[in-house]
Amino acid sequence: MTDFAIQFDKVCKAYDDLDVLTDLDFAVRKGEVVTIMGPSGSGKTTVLRVLMTLEEIQDGVILVQDEPLNKMYKNGDLVDADKAHVRKIRSKIGMVFQNFNLFPHMTALGNCIEAPMYTKGLSKQEASEEAMKLLAMVGLADKANQYPSQLSGGQQQRVAIARSLCMHPEILLFDEPTSALDPEMVGEVLKVIRDLADSGRYTILLVTHQMGFAKEVSDRVCFIDGGKIVEENIPSEIFENPKTERLQQFLSKVLEAR
Amino acid sequence: MKPRIAILAALGAFIVGLSVATFAELKLFLPPILRGAVVTLQISFWSWLLFVSLSCIAGLGRWQRNLLVRWTATVYIEVFRGTSLLVILFWLFFVLPEFGIIMSPFVAGVLGVGLNFGAYGAEVVRGALTAVPKGQREAAIALNIKPRNFVVRILFPQAIAIMVPGMVNLTIEMIKATALVSAITLVDITYASVQQNQLYFRTLEIFTIALLLYYCFAQFVRFGGAALEEYFTRHLAKRR
Ligand SMILES: Nc1ncnc2c1ncn2[C@@H]1O[C@H](COP(=O)(O)OP(=O)(O)OP(=O)(O)O)[C@@H](O)[C@H]1O
Ligand SMILES: [Mg+2]
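Since the structure is predicted, the reported quantities are computational estimates derived from the model, not experimental observations. (Residues numbered from 1 in each chain as written. Chains lettered and ligands numbered in written order. Predicted model: local features only at pLDDT ≥ 70, side-chain atom pairs only at ≥ 80, totals over all residues. Heavy atoms only, no water.)

## A word on the packing of aromatic side chains
(1) Moving on: Summed over all chains, the structure comprises 10 aromatic pairs over all chains.
(2) Moving on: Seen from their ring centres, A:Phe223 and A:Phe250 are 5.1 Å apart, and the 40° between their planes marks the pair as tilted. Taken as a pair, A:Phe223 in strand β11 (residues 220–225) and A:Phe250 in helix α9 (residues 245–257) lie far apart in primary sequence, 27 residues in all.
(3) Moving on: Since its relative accessible area comes to 1%, A:Phe223 is described here as buried.
(4) Moving on: With a centroid separation of 5.0 Å and an interplanar angle of 70°, the aromatic rings of B:Phe93 and B:Phe94 are classed as edge-to-face.
(5) Moving on: Judged by relative accessible area, B:Phe94 falls into the partly exposed class, the value being 43%.
(6) Moving on: In this structure an aromatic cluster arises from ring pairing among B:Phe51, B:Phe117 and B:Tyr120.
(7) Moving on: Looking at A:Arg163, its charged tip hangs above the ring of A:Phe103, at a distance of 4.5 Å from the centre. (Phe/Tyr/Trp six-rings, centres within 6.5 Å; stacked < 30°, edge-to-face > 60°. Helix = DSSP H or I, 4+ residues; strand = E, 2+ residues; numbered from the N terminus. Buried < 20%, exposed > 50% of the residue type's maximum accessible area, 1.4 Å probe, protein only. Lys NZ or Arg CZ within 6 Å of the ring centre and 35° of its normal.)

## Some remarks on the interface of chain B and chain A
(1) Moving on: Taken together, the contact between chain B and chain A spans 21 residues of the former and 28 residues of the latter.
(2) Moving on: Carbon and sulfur atoms make up 57% of the area that chain B and chain A hide from each other, which totals about 2,400 Å².
(3) Moving on: Looking only at chain B, the three residues that lose the most surface to chain A are B:Leu143, B:Asn144 and B:His235, adding up to 28% of its buried area.
(4) Moving on: Put simply, chain B and chain A have two salt bridges between them.
(5) Moving on: We note a salt bridge from B:Glu138 to A:Arg49, for which the minimum N-O separation is 3.0 Å.
(6) Moving on: Where the side of chain B that touches chain A is concerned, the elements lending two or more residues are α6 (134–142) and α7 (147–177) of chain B.
(7) Moving on: Here the element with the most residues in the side of chain B that touches chain A is α6(B); it accounts for seven residues.
(8) Moving on: Per-class residue counts for the side of chain B that touches chain A are 10 nonpolar, six polar and five charged. (Contact = heavy atoms within 4.5 Å. Buried area = accessible area lost by both parts, 1.4 Å probe. Salt bridge = Lys/Arg side-chain N within 4 Å of Asp/Glu carboxyl O. Nonpolar A, V, L, I, M, F, W, Y, C, P; charged D, E, K, R; others polar.)

## Some points on the sheet that holds strand β8 (residues 93–96) of chain A
Residue and element names in this part refer to chain A.
(1) Moving on: Ordered in space as β8-β9-β10-β3-β11-β12, the six strands form an open sheet in which the pairing is mixed. For this open sheet the edge positions go to β8 and β12 (228–233), each flanked by a neighbour on one side alone. On average, adjacent strands in this sheet sit at an angle of 20° to one another, irrespective of strand direction.
(2) Moving on: Strands β3 (33–37), β8, β9 (171–175), β10 (203–207) and β11 of the sheet are contacted by helix α1 (residues 44–51), whose axis makes an angle of about 145° with β9. (Pairing = 2+ DSSP bridges. Axes fitted to C-alpha atoms, helices over the stretch in contact; angles between N-to-C directions.)

## Some remarks on the sheet that holds strand β1 (residues 4–15) of chain A
Through backbone hydrogen bonds, the strands of a sheet pair up, either in parallel or in antiparallel fashion.
Residue and element names in this part refer to chain A.
(1) Moving on: The strand order across the open sheet formed by four strands is β2-β1-β4-β5, and the pairing between neighbours is antiparallel. The sheet is open, and its two borders are formed by β2 (18–29) and β5 (67–68), each paired with just one other strand.
(2) Moving on: As paired strands, β1 and strand β4 (residues 59–64) are joined by five bridges and run antiparallel to one another. Bridge pairing in β4 places Phe8 opposite Ile62.

## Some details on the pairing of β9(A)
Residue and element names in this part refer to chain A.
(1) Moving on: Judged by how many residues are buried, β9 sits mostly within the fold: five of five residues are covered.
(2) Moving on: Burial along β9 is two-sided: the residues Ile171, Leu173 and Asp175 and Leu172 and Phe174 are all buried.
(3) Moving on: Pairing analysis gives four bridges linking β8 to β9, with the strands arranged parallel. Its bridge partner being in β9, Ile93 is matched across the sheet by Ile171.
(4) Moving on: Across five bridges, the pairing between β9 and β10 is parallel. Bridge pairing links Asp175 to Val207 in β10.
(5) Moving on: Regarding topology, helix α6 (residues 183–199) serves as the crossover connection from β9 to the parallel β10, and that connection is right-handed. (Right-handed = clockwise from strand over helix to strand, strands pointing away.)

## Some thoughts on the site of ligand 1
All names here are of chain A.
(1) Moving on: Neighbouring residues of ligand 1: Tyr15, Leu18, Val20, Pro39, Ser40, Gly41, Ser42, Gly43, Lys44, Thr45, Thr46 and Glu176.
(2) Moving on: Within the backbone of Gly41, one N or O atom sits 2.8 Å away from an oxygen atom of ligand 1.
(3) Moving on: Within the side chain of Thr46, an N or O atom sits 2.4 Å from an oxygen atom of ligand 1.
(4) Moving on: Here ligand 1 loses 60% of its free accessible area of 640 Å² to cover by the protein chains.
(5) Moving on: Mapped onto the shell around ligand 1, the elements with two or more residues apiece are β2 and α1.
(6) Moving on: Sorting elements by how many residues they give to the shell around ligand 1 places α1 first, with three residues.
(7) Moving on: Here the residues of the shell around ligand 1 sort into four nonpolar, six polar and two charged. (Near = heavy atom within 4 Å. Polar contact = N/O pair within 3.5 Å; in protein donor to acceptor, adjacent residues only side chain to side chain. Areas by Shrake-Rupley, 256 points an atom, 1.4 Å probe, with all protein chains shown as cover.)

Right, dumping it as structure tokens:
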């Protein structure tokens, strides 16, 4: 057992003939909060999607808590993972999407208890009790019976976070969780994410353009460009003392845009 | 809603007027036509069940990744969409017996209409399934929701809201198309009207009644469909 939650070893991912990740090496320790930054199209979302098994990789190995994600050991041989193995690994990971992806025909509570009930087999009461606790934690206990269309963007994203926590993931992936929100709602979602980061219970991989927030919550920031990690370091070093030219350019562009 | 009710009321009055004008013989030819209406309704009901089931199965089949399933669904859709319903009915009723498959005109009628409209409906269902945003599937995968539960509990409920208008149109088309079963000896509205016309020669009244009956059925479906659509889209107002 290493104390890594996630390890990428020479991971390659291409869409048709567009190489997005090329020999990506990358690791996250248990309990670490890591922010991934990079220009548009650099492959940030792809890193998360590959981890969440939403995309297949063409080459390399991804380990989640030392177990290969897309392979498994059978009689000592490394073979392609079967469904049960993928489901087992997947259950350790939760993902929060840019567009929330709530189920629009279910209430906030319904969204939260769907997977615990139908995937884990909890009773409705058990699932609801826990879901209510988590909805309260994100400040939405009073919205449990509202449908997504009745909630603001910030509230929807907080429901989405609660929904993903209901499955007890150990690793949380956030893909630009505040990009689709009106500016006045960004804070409420960031607060929830900060609480999760501070709790120390989760390994968090965060893609965001909120530099200030990244600086505050992350243990480490990875700057990715062209499907490779160009520079990684503690936040203060990344933001105040960027070493590579590409990161310097990127930061000055981002700061200009402010 | 209001103008519709007015139209229906006017039509009702028209029927009553006609009835008074032709009162004596209406007694004679109306009951057989109404019996035909019952047959039309029965055929419509069973064909509708078959049509909707086949639409869902073939629509899902077309949407699936599995090549064999998708290919089978495609062949079914192409065959029944590309051929005339009347000829399909003739095949079921007159040709299949030569291969030892004999069925009653009712079963042949239901099969023919259901198979034919199922092929059209499958495309409506497939379109609705593809119209559900991709993010729904991704959220389900991220939550480890089983594929079957995803289809039944997340994909379909949302797809239904999208497919209702198309399916309502097809249902109305289907009811009108059941007139073709008169060609395989079933005494539906159309056949009964032709028979009664041959007996009494009240062409105007008889075929107006037939027309109105089909129109009423269609209106009924339209109202039901609108209510269904409202029901299924009630939470999807601000769909993202
Ligand atoms: N499903 C797909 N099919 C084909 N190409 C894709 C697909 N998804 C992403 N890409 C391409 O892969 C590259 C990396 O995409 P990715 O979404 O990972 O970038 P990103 O770093 O998240 O960018 P952004 O900041 O805009 O979200 C882009 O060039 C994108 O166009
Ligand atoms: Mg992205």
